[in-house]
Amino acid sequence: MSFALVSLAITGLLAAVTWKLASDFLVAKREQGATSQAAIDARLVQDAPRDPAGADSEGLLTGLAGGGDITVAVRRAGTWTTSGHPIDVDALPDELLALANSGVAARQRVMLGGIPVLAVALPLRDGLYLELAPLTELDATLRFLSWVLVVGVGVSGLLGLALGGWASTRALRPLTDLRDAAARMAAGDLDARLPEQDDADLAPLAVTFNRTAEDLQRRVRRDVRFAGDVSHELRSPLTTLVNAVAVLRRRRDDLPLPARQAVDLLDADVHRFQKMVTELLEISRDEQIDPRDLEVCDVVDVVAHALATRPDVVLDVRGSPPQVPVDRRRLDRVVMNLLENAEQHAGGAVRVGVASSSVGVRIEVDDAGPGIPVELRDEVFERFSRGANAGRREDSGGTGLGLALVARHVRAHHGRIHIEDSPDGGARVVVELPWCTT
Amino acid sequence: MSTMTPPLQPDSVVATPRDGLPDARDRILLVDDDGRIRQALSLALDDEGFAVWAVASGEQALAALGRENTDVVLLDLMLPGMDGLAVCRRLRAQGDLPIIIITARSDSSEVIAGLEAGADDYVTKPIVAGELAARIRALLRRSRPTTDGGELWVGDIELRPDQGLVRCHRGGSDPTGIHLTRTEFRLLVELATAEGKVVTREDLLRRVWGYDYLGDTRLLDVHVRRLRVKIEPDPDAPTLVLTVRGAGYRAVGRADATG
């Protein structure tokens, strides 16, 4: 843009100078020609034999005026004799005539009857000689010249704009790439990298950026893997725990009361612990779905199965929801976790809706709770988020991972999840799964 | 990972006959290098009604199997020394003793590798004895001869469920016997009984493996692959057990006797 402006300014200046020089030169040339012509003509008039009445010969004046569009006028003793185009002498500027009257040759460009005219006034011995040469031709020439210059400036400006745009895009592309890559990374795409740069100034920047991105990605992976590794290592002792507790539980009735209570506590928390480890493993697992695990399936089937053991929950199928490609086990987890989450935190689900949506299929789980405040609706999908249930987890038996896992599975299907108010005042979790997951 | 058990000395925590009678319970060999898991699982599976004896390595397992009667092997794939997959392959080469593998992660390629090495089913740690017992019972059910009479046909393959017999009538010569594992056999019987109709994956997983819902379809797919290798003229272009995309599997009906 600035490139175009500079280009416009330069060509404009050049054009203006050209215009000034050319027009001055042409006008001067024309004036000079007209003046010397007038001087010659004036001498002819001066020296011409006069008729007895002292009037100028009409023939001479006609001859002088003839051929061109020149108007010739002679004043003697206050009387004008004209030839050529009739003119109104009074329209001529007074200074011009006054100057000629005082014995000085004068010339001036004036407008007469809408036509630019060069007026040359020359003193005669006993009068005034006036020659008016129209400048129409010169005017046309100058007009053409000015038109050419204006168009030239315009074209050059446009060219400058185009060239500037092209050059700046080219020059700025690496920066645009950098900005895009940084934005992608900020949006969570840790695979974003910059292409290698030829530019000596930018190459180190790209290298540094890519190295930083790599470090970041490695660190994030390591963190995710750490959770997985911890859970992995916990599974052996957990297997021992779970099975030892199962043996104890089976003999619960043979135990004295305090031991029985201890076993009950142990049993409940070992199960929660086990679930947490399983879910942590699931959540730290690669989010990508193996395409071989995708299966076109009827969401209603999966929901109906999950609801088979929950007769109080209404299954509300609207229209004919489309079949979508899903990893059935993940979809099953999604539905199960949503129902369990409603049971643990919101008095249970009351209705599960399945309908088609603009992207594919829409699943709604309405609960009997008090709803979730708008400001907590994103937070509840975070791992171990306490959200609206702060301080109540110990009663719920939840792991704090259920909804995070749901969100992860939905994302893995390129679906969307959010929370609304249900018409009955509870919360409504809405999951949308697309037709196409690739 | 340390093992506190001296080699070649199976933990015999609970494998003792009760009431002076010979133990009629199903015998399970547990192969795991973690002594605590061996003990806890042995106790819990004993509660579930199985007689368990446990060893710490693949070498011990192979040696012990030569001596003792076993109905099911529970095999951890992560073993010191001889690796679990190798043990699995060796056992499969020796016969169709039911094998359940114990894997570290359900999403790993380990599951597929174990199934392809011949395992009938798998469980993932942390193992819960109750769930494991259900898997074992389903597996033992398939191991017993069924009482279904009559014969079934899939193309030129003849099945006799009452005798556990599979014969191939191909090429006009005398029928040749085909050896299928119990799981492969049960799978083929389920497909043949449908008489050419599609059987969904869920149904197969339920009827053969006892999963009440959404078993691992990899389990089924690997077994179908193994089955095809044994019965199809060209396993890469199956003509007997066909995949019906998005639905399940289908076995063709009886072929002309002239085949």
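Residues numbered from 1 in each chain as written. Chains lettered and ligands numbered in written order. Predicted model: local features only at pLDDT ≥ 70, side-chain atom pairs only at ≥ 80, totals over all residues.

1. Remarks on the overall build of chain B
Secondary structure summary: chain B contains 8 helices and 12 strands in total. Counting every position in chain B, which comprises 259 residues, the buried fraction comes to 41%. Within chain B, residue pairs in contact and separated by at least 24 positions form 60% of the contacts whose partners lie at least 6 positions apart. (Helix = DSSP H or I, 4+ residues; strand = E, 2+ residues; numbered from the N terminus. Buried ≥ 20, exposed ≤ 12 C-beta atoms within 10 Å, placed from the backbone. Contact = placed C-beta atoms within 7 Å.)

2. Looking at the sheet that holds strand S8 (residues 165–168) of chain B
Residues and elements named next belong to chain B. Spatially, the 4 strands line up as an open sheet ordered S6-S7-S8-S9, and their pairing is antiparallel. For this open sheet the edge positions go to strand S6 (152–154) and strand S9 (176–177), each flanked by a neighbour on one side alone. As paired strands, S8 and S9 are joined by 2 bridges and run antiparallel to one another. Note that in S9 the partner of Arg 167 across the bridge is Gly 177. The strands touched by helix H6 (residues 182–193) are S6, strand S7 (157–160) and S8; relative to S6, the strand with the most contacts, the crossing angle is about 90°. (Pairing = 2+ DSSP bridges. Axes fitted to C-alpha atoms, helices over the stretch in contact; angles between N-to-C directions.)

3. Some words on the pairing of strand S8 (residues 324–327) of chain A
Residues in a regular strand project their side chains so that they alternate between the two faces of the sheet. Residue and element names in this part refer to chain A. Along S8, one buried face is formed by Val 324 and Val 326 and the opposite face, lined by Pro 325 and Asp 327, is buried too. Sheet analysis places strand S6 (residues 294–297) next to S8, joined by 4 bridges and oriented antiparallel. Within S8, the residue paired with Leu 294 across the bridge is Asp 327.

4. Here's the deal with the interface of chain B and chain A
Interfaces are often described in size by the accessible area the parts lose on coming together. With 20 residues of chain B at the contact, the number on the chain A side is 22 residues. Element by element, the count of residues in the side of chain B that touches chain A is highest for helix H1 (residues 35–47) of chain B, at 7 residues. The residue makeup of the side of chain B that touches chain A, split by class, is 12 nonpolar, 2 polar and 6 charged. (Nonpolar A, V, L, I, M, F, W, Y, C, P; charged D, E, K, R; others polar.)

5. Section: the packing of H6 of chain B against helix H8 (residues 217–231) of chain B
All names here are of chain B. It is at 10 Å that the axes of H6 and H8 come closest, and there the two elements cross at 90°. Put simply, H6 runs roughly perpendicular to H8. Two secondary-structure elements touch here, H6 through Thr 183, Glu 184, Leu 187 and Leu 188 and H8 through His 223, Arg 226, Leu 227 and Lys 230. (Parallel < 35°, antiparallel > 145°, perpendicular 65-115°, else oblique.)

6. Quick word on helix H8 (residues 328–345) of chain A
Residues and elements named next belong to chain A. Here H8 is 18 residues long and its end C-alpha atoms lie 25 Å apart, about the 26 Å a rise of 1.5 Å per residue gives. The set of residues buried in H8 consists of Arg 330, Leu 331, Val 334, Val 335, Asn 337, Leu 338, Leu 339, Glu 340, Asn 341, Ala 342 and His 345. Looking at the residues trailing H8, positive phi occurs at Gly 347, about 70°. (Expected span 1.5 Å × (residues − 1).)

7. A closer look at the sheet that holds strand S4 (residues 115–124) of chain A
Residue and element names in this part refer to chain A. Reading across the sheet, the 5 strands line up as S2-S1-S5-S4-S3 and stay open at both edges, with antiparallel pairing between neighbours. Two strands close off the open sheet at either side, each with one partner strand: strand S2 (79–83) and strand S3 (106–112). In this sheet, adjacent strand axes meet at a mean angle of 20° when their direction is disregarded. The pairing of S4 with strand S5 (residues 127–134) spans 8 bridges and is classified as antiparallel. Residue pairing in the sheet places Leu 118 in a bridge with Ala 133 of S5. Against the sheet, helix H3 (residues 94–101) touches S3, S4 and S5, its axis set at about 20° to S4.

8. Topic: the confidence of the model for chain B
Residues and elements named next belong to chain B. Predicted confidence across chain B gives a mean pLDDT of 80, with 84% of residues reaching 70 or more. Scored below 50 in pLDDT, residues 1–10 shows 16 contacts in the model against residues more than four places distant or in partner chains. Segment residues 12–20 is flagged for pLDDT under 50; beyond a separation of four residues in sequence, or across chains, it makes 14 contacts in the model. Quick note on the complex model: pTM equals 0.62, ipTM equals 0.79. (pLDDT = per-residue confidence, 0-100.)

9. Overview of the confidence of the model for chain A
Taken as a whole, chain A shows an average pLDDT of 80; of its residues, 92% reach a score of 70 or greater. Mean pLDDT across the secondary structure elements of chain A bottoms out at helix H9 (residues 393–396) of chain A, with 53, and peaks at helix H6 (residues 257–283) of chain A, with 88.

10. Notes on unusual backbone geometry
Of note, the amide linkage connecting Lys 125 of chain B to Pro 126 of chain B takes the cis form, showing an omega dihedral of 0°. Turning to its location among the elements, Pro 126 of chain B is positioned in the loop between strand S5 (121–124) and helix H5 (129–143). For His 414 of chain A, which is not glycine, the phi dihedral falls at a positive 60°. When you line up the elements, His 414 of chain A lands in the loop between helix H10 (402–412) and strand S11 (416–421). Looking at His 414 of chain A, the number of C-beta atoms within 10 Å reads 15, which means it is partly exposed. For Glu 195 of chain B, which is not glycine, the phi dihedral falls at a positive 50°.

11. Describing the nonpolar core
Ranked by size, the top nonpolar core spans 113 residues in total, and within it Ile 28, Leu 74, Leu 75 and Leu 188 of chain B carry the most contacts. Setting aside chain neighbours within four positions, we find Leu 75 of chain B in contact with Val 31, Gly 84, Val 87, Cys 88, Ile 99, Ile 101 and Ile 102 of chain B. Ala 100, Leu 118, Leu 122 and Leu 130 of chain A belong to the second largest nonpolar core, which has 24 residues in total. (Core = buried A, V, L, I, M, F, W, Y, C linked by C-beta atoms within 7 Å.)

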